[in-house]
2 protein chains.
Amino acid sequence: MSASVSESNFEWLSRGTSEIFPNQPNSEDADENLIQRILKSDRHLRIKLGIDPTGTDIHLGHSIPFRKLRAFQDAGHTAVVIIGDFTAQIGDPTGKSEVRRQLTTEEVKQNAQTYLEQLRPILDFDTPDRLEIRYNSEWLGKLNLVQIQELLATMTVGQMLAKEGFAERYSQEKPIFLHEFLYPLMQGYDSVAVEADVELGGTDQKFNIAVGRDLQRHFGKRTQFGLLLPILLGTDGTQKMSKSLNNYVGLREDALSMYSKLEKTPDNLLKDYFELLTNLDLNQLPDNPRECQKLLAIEVVSQFHGLEAAKDAQKTAEQIVLQGNTTIGDSVPEYSLSQVEFPAKLFYILGASGLCQSSGEGRRQIQGGAVRLEGDRISDVNLTFNAAEELTGKVLQVGKKKFIRLID
Amino acid sequence: MSASVSESNFEWLSRGTSEIFPNQPNSEDADENLIQRILKSDRHLRIKLGIDPTGTDIHLGHSIPFRKLRAFQDAGHTAVVIIGDFTAQIGDPTGKSEVRRQLTTEEVKQNAQTYLEQLRPILDFDTPDRLEIRYNSEWLGKLNLVQIQELLATMTVGQMLAKEGFAERYSQEKPIFLHEFLYPLMQGYDSVAVEADVELGGTDQKFNIAVGRDLQRHFGKRTQFGLLLPILLGTDGTQKMSKSLNNYVGLREDALSMYSKLEKTPDNLLKDYFELLTNLDLNQLPDNPRECQKLLAIEVVSQFHGLEAAKDAQKTAEQIVLQGNTTIGDSVPEYSLSQVEFPAKLFYILGASGLCQSSGEGRRQIQGGAVRLEGDRISDVNLTFNAAEELTGKVLQVGKKKFIRLID
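What you see is a predicted model, and the numbers here were worked out from it, not measured in a lab. (Residues numbered from 1 in each chain as written. Chains lettered and ligands numbered in written order. Predicted model: local features only at pLDDT ≥ 70, side-chain atom pairs only at ≥ 80, totals over all residues. Heavy atoms only, no water.)

**Student:** Please give an account of the packing of aromatic side chains that cites residues and values.
**Tutor:** Geometrically, a pair of aromatic rings is defined through the distance of the ring centres and the angle of the planes. Residue and element names in this part refer to chain B. Under the counting rule described, the total for this entry stands at eleven aromatic pairs over all chains. On the basis of an interplanar angle of 85° and a centroid distance of 4.9 Å, the ring pair of Trp12 and Phe72 is categorised as edge-to-face. One end of the pair, Trp12, is in helix H2 (residues 11-14); the other, Phe72, is in helix H4 (residues 60-74), with 60 residues separating them in the sequence. By relative accessible area, which is 1% here, Phe72 ends up buried. An angle of 70° between the planes, with centres 5.3 Å apart, marks the rings of Phe166 and Phe181 as edge-to-face. Here Phe166, found in helix H10 (residues 166-171), pairs with Phe181, found in the loop between H10 and helix H11 (182-194); they are 15 residues apart in sequence, far enough to count as distant. Given the relative accessible area of 7%, Phe166 is considered buried. (Phe/Tyr/Trp six-rings, centres within 6.5 Å; stacked < 30°, edge-to-face > 60°. Helix = DSSP H or I, 4+ residues; strand = E, 2+ residues; numbered from the N terminus. Buried < 20%, exposed > 50% of the residue type's maximum accessible area, 1.4 Å probe, protein only.)

**Student:** Explain the domain arrangement of chain A residue by residue, including any values.
**Tutor:** All names here are of chain A. Assigned domains within chain A: domain 1 (7-229), domain 2 (255-322) and domain 3 (334-407). Here the C-alpha centre of domain 2 lies 31 Å away from the C-alpha centre of domain 1. Between domain 1 and domain 2, the contact holds nine residues from the first and twelve residues from the second. Here domain 1 meets domain 2 over a buried area of about 970 Å², counting both sides, of which 58% is carbon and sulfur. It is Arg15, Leu60 and Arg67 that lose the most area in domain 1 upon contact with domain 2, and together they represent 63% of the buried surface on that side. Counting across the domain 1 and domain 2 interface gives ten residue pairs in polar contact (both at pLDDT 80 or more). (Domains from an automatic or database assignment. Contact = heavy atoms within 4.5 Å. Buried area = accessible area lost by both parts, 1.4 Å probe. Polar contact = N/O pair within 3.5 Å; in protein donor to acceptor, adjacent residues only side chain to side chain.)

**Student:** For the relation of the copies chain A and chain B, give the residues involved together with the corresponding values.
**Tutor:** When chain A is fitted onto chain B, the two copies agree to an RMSD of 0.6 Å after a turn of 179° and an axial shift of 0.2 Å. The transformation just described matches what one would write down for a two-fold rotation axis. When C-alpha distances to the rotation axis are compared across chain A, the minimum falls at A:Asn144, with a value of 2.8 Å. Looking at the interface residues of chain A, 100% of them are also at the interface in chain B, so both copies use one shared face. (Least-squares fit on C-alpha atoms with pLDDT ≥ 70 in both.)

**Student:** I'd like a description of the pairing of strand S6 (residues 225-229) of chain B, backed by residues and values.
**Tutor:** Residues and elements named next belong to chain B. With five of five residues buried, S6 lies mostly within the body of the structure. What you see with S6 is no split at all: Phe225, Leu227 and Leu229 on one side and Gly226 and Leu228 on the other are buried throughout. Two strands pair when backbone bridges link them, and strand S1 (residues 19-21) and S6 are joined in this way by three bridges, in the antiparallel orientation. If you follow Phe21 over to S6, its bridge partner there is Gly226. As paired strands, strand S5 (residues 198-202) and S6 are joined by five bridges and run parallel to one another. Residue pairing for S6: Gly201 is matched across the bridge by Leu228. Handedness of the S5-helix H12 (residues 206-218)-S6 crossover: right-handed. (Pairing = 2+ DSSP bridges. Right-handed = clockwise from strand over helix to strand, strands pointing away.)

**Student:** Go over the packing of helix H8 (residues 145-152) of chain A against helix H11 (residues 182-194) of chain A, please, and point to the residues and values.
**Tutor:** For any two helices packed against each other, one specifies the inter-axial angle together with the distance between the axes. Residues and elements named next belong to chain A. Where H8 meets H11, the axes come as close as 10 Å, and the angle between the chain directions of the two elements is 100°. Relative to H11, the element H8 lies roughly perpendicular. Counted together, Ile148, Leu151 and Leu152 of H8 and Leu182, Leu185 and Tyr189 of H11 form the full contact between these two elements. Residue classes in the contact of H8 with H11 are distributed as six nonpolar, no polar and no charged. (Axes fitted to C-alpha atoms, helices over the stretch in contact; angles between N-to-C directions. Parallel < 35°, antiparallel > 145°, perpendicular 65-115°, else oblique. Nonpolar A, V, L, I, M, F, W, Y, C, P; charged D, E, K, R; others polar.)

**Student:** Lay out the pattern of salt bridges with the relevant residues and their values.
**Tutor:** In a structure, side chains of opposite charge can pair up when their charged atoms sit close to one another. All names here are of chain A. Inspection of every chain in the model, using the stated rule, returns 42 salt bridges over all chains. The salt bridge involving Glu263 is made with Arg290; its shortest N-O contact spans 2.7 Å. Here Arg290 lies in helix H15 (residues 289-305) and Glu263 lies in the loop between helix H13 (255-262) and helix H14 (267-277), a separation of 27 residues in the sequence. Overlapping salt bridges, with partners in common, bring together Glu32, Arg37, Arg43, Asp197 and Arg222 in one network. (Salt bridge = Lys/Arg side-chain N within 4 Å of Asp/Glu carboxyl O.)

**Student:** Any details on the pairing of S5(B)? Residues and values, ideally.
**Tutor:** All names here are of chain B. S5 sits mainly inside the fold: five of its five residues count as buried. Here strand S2 (residues 46-51) runs beside S5; their pairing, made up of two bridges, is parallel. If you follow Ile47 over to S5, its bridge partner there is Val198.

**Student:** Just give me the short version of the interface of chain A and chain B, but keep the residues and values in it.
**Tutor:** Much of the literature gives interface size as the accessible area that the parts lose upon coming together. Listed by partner, the interface residues are 29 residues for chain A and 29 residues for chain B. When chain A packs against chain B, the two sides together hide about 2,700 Å² of surface, and 79% of this comes from carbon and sulfur. A per-residue breakdown of the area chain A buries against chain B is headed by A:Leu145, A:Gln149 and A:Leu178, which together make up 28% of the total. Across the chain A-chain B interface, the total number found is zero salt bridges.

**Student:** Explain the sheet that holds strand S5 (residues 198-202) of chain A to me, using residue names and the numbers behind them.
**Tutor:** Residue and element names in this part refer to chain A. Pairing in this open sheet of six strands is mixed, and the strands run S1-S6-S5-S2-S3-S4 from one edge to the other. At either end of the open sheet lies a strand with only one pairing partner, and these are strand S1 (19-21) and strand S4 (131-135). Between one strand axis and the next, the sheet turns through 25° on average, direction left out of account. On the sheet, helix H4 (residues 60-74) packs against strand S2 (46-51), strand S3 (78-83), S4, S5 and strand S6 (225-229) and is oriented at approximately 160° with respect to S2. Strands S2, S3, S4 and S5 of the sheet are contacted by H11, whose axis makes an angle of about 145° with S2.

**Student:** Go over H12(B) with me, naming the residues and quoting the values.
**Tutor:** Residue and element names in this part refer to chain B. Taking 1.5 Å per residue, 13 residues should reach 18 Å; H12 reaches 18 Å between its end C-alpha atoms and fits that length. Considered for burial, the residues of H12 that qualify are Asn208, Ile209, Val211, Gly212, Arg213, Leu215 and Gln216. Buried positions along H12 lie against S1, helix H8 (145-152), H11, S5 and S6. One or two residues past the end of H12 sits Gly220, with phi positive at roughly 75°. (Expected span 1.5 Å × (residues − 1).)

Next up, the structure:
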């Protein structure tokens, strides 16, 4: 039958997907499943993904839903990225959380741009009609008390308290402030406003996405599907990837740093990482786990820095290993730039860091073409840096065997 | 001491008052009590009382807080009557309650006028600066999501669920819709907006009035006192006065009807009724319970219809009793106007109702000056009514012994 033929074309949809709901056509809740909606629809579907612009440092864990969003784009659909600027500007009015301080409109805009810039390698920004970027203040800022009341009236206290997180806090008698009940409704109302067909999110977003369905139904709109993606484990192989646990690979890291971390991916994570972070055929992976690690690292680094830089990083990492006096990755020797007075010439830093025996030797090594910064050969003997930030996190190299990573 | 001298002047404040809170100066919650606030303040206090303009039929139970409001007016303070038009216009968005259907602006305005008109005998409408009538849509209609969120953030779910009514429903697993949490906050925000010093309400209003205090504190305003008044029992002496229980005395009832009901006030209610519904000295009441009933009835009827009408009603009621073929009060014979085709002449109704033997006799009785409507002598033989509403509830009388009440 044609349906099964068609469905075989939807591997991209199920790859790395934890759950799509509702998934039973003709159930009480749905008259079609997502594939049927895609096949029957005479237009591009609208695929919603919300981001929180309070932070700007994003890592591979954040990239997962964006990779799925790209898969939808490649299938001809429209990615609708929602910047939660309204929520971010509210801050936490209880003042209990320092993290959620109130941001200015300008900060939110800036954060959102920084956030999206890092996703440029993943998302299709250029094909017409494939990407819509919306700020939710556009519609949330216009709501008045009558409308907010209508939103609140769609749910009961019992339903809200059943939500993961609330349930635990309530049973532990930890205070839940009333405004916290607004957040799922605001996220849900975003789906009404942008007329989402699908909302992407981590498995922890099921409740909020379901609220979006309820609100769409309440306002007489077609209801969205939820597509849930797993939470990515960090490079330690045990906990959720997170900056604070230092088990992450940031999207802004240089090629060598990314490569070095990914090359050590624990065996138990390899299959998940391939499935979630690459488009490689999972049946065609090398048998040798070491080869798998390298392939994964090359694949992922290529997405952000290009294949050549990935291969260079691989080469560099191997040289470091060969050199024997140091190991790869995180343990590249570090030199703190706090000891340097800026502006500073590069040859001075070469001497001060001990990479060369003196500034004079540093100068000669640059002239001899032996100095690289982030893999790029430096030829300007007088190259000067105005601030530590210009160098922080970068790898400085003399010849083929001597490396340091410059840190704060 | 002067304080005790001063406090002896505040009998009007404590008369019929269930509770004033906070009442302990120097407690955590207050740096003064209400009498101190009154004595220290260099301006009139602002005394808030909110009314719900979804209904217009009000009875003596509703008059209690207005009588207290009048006492404040007489002491020089400003009554701030808040018409809850915003809430009324919201209706019940769950659609579960037919009673709370959404009202139009015009209906709300009309209802509020009808409501207040009935209070004209109680409240001082005329002395300058003694009465402010405010519609809460003035401030609630302007709130946006950021501000509503700030209101919600002042309270926790636990605090709200502790409220009488919510607590029971939650424990019985009856649904509580989220928007219901808004109502106490809206009422509380009214206190912020009008800068209330005191809010009056029934004993069931303690929670809402306390929310008003919290919100005033949150917004950096001086906090209000709550003055709680008892819920008036109905003329049956057992249950809360209520139209649906038919144990009420409506403020729009004619003098005879009011008199007849009040004259039967059960002994156990007499003291409360005197305290709450009159200004009589409770130590000077007659010993004879029958005399007490009559005095109460005369006193209350006088407030709404004047002393002369009260005395006429008393006389009429006594005649009805003497006449023997009927009893007083509720059991004045009734005649349903549904049997009459309008427009209709009064002499026709006299005949049709059996009050006269024919229309012709009706005409003659009018000419002879023996016909009264609501106690007013009718001299226009051709007096015509266009609709039953003009007559509903009124007492039609021929001579001194024959009465009927005209009903729907």
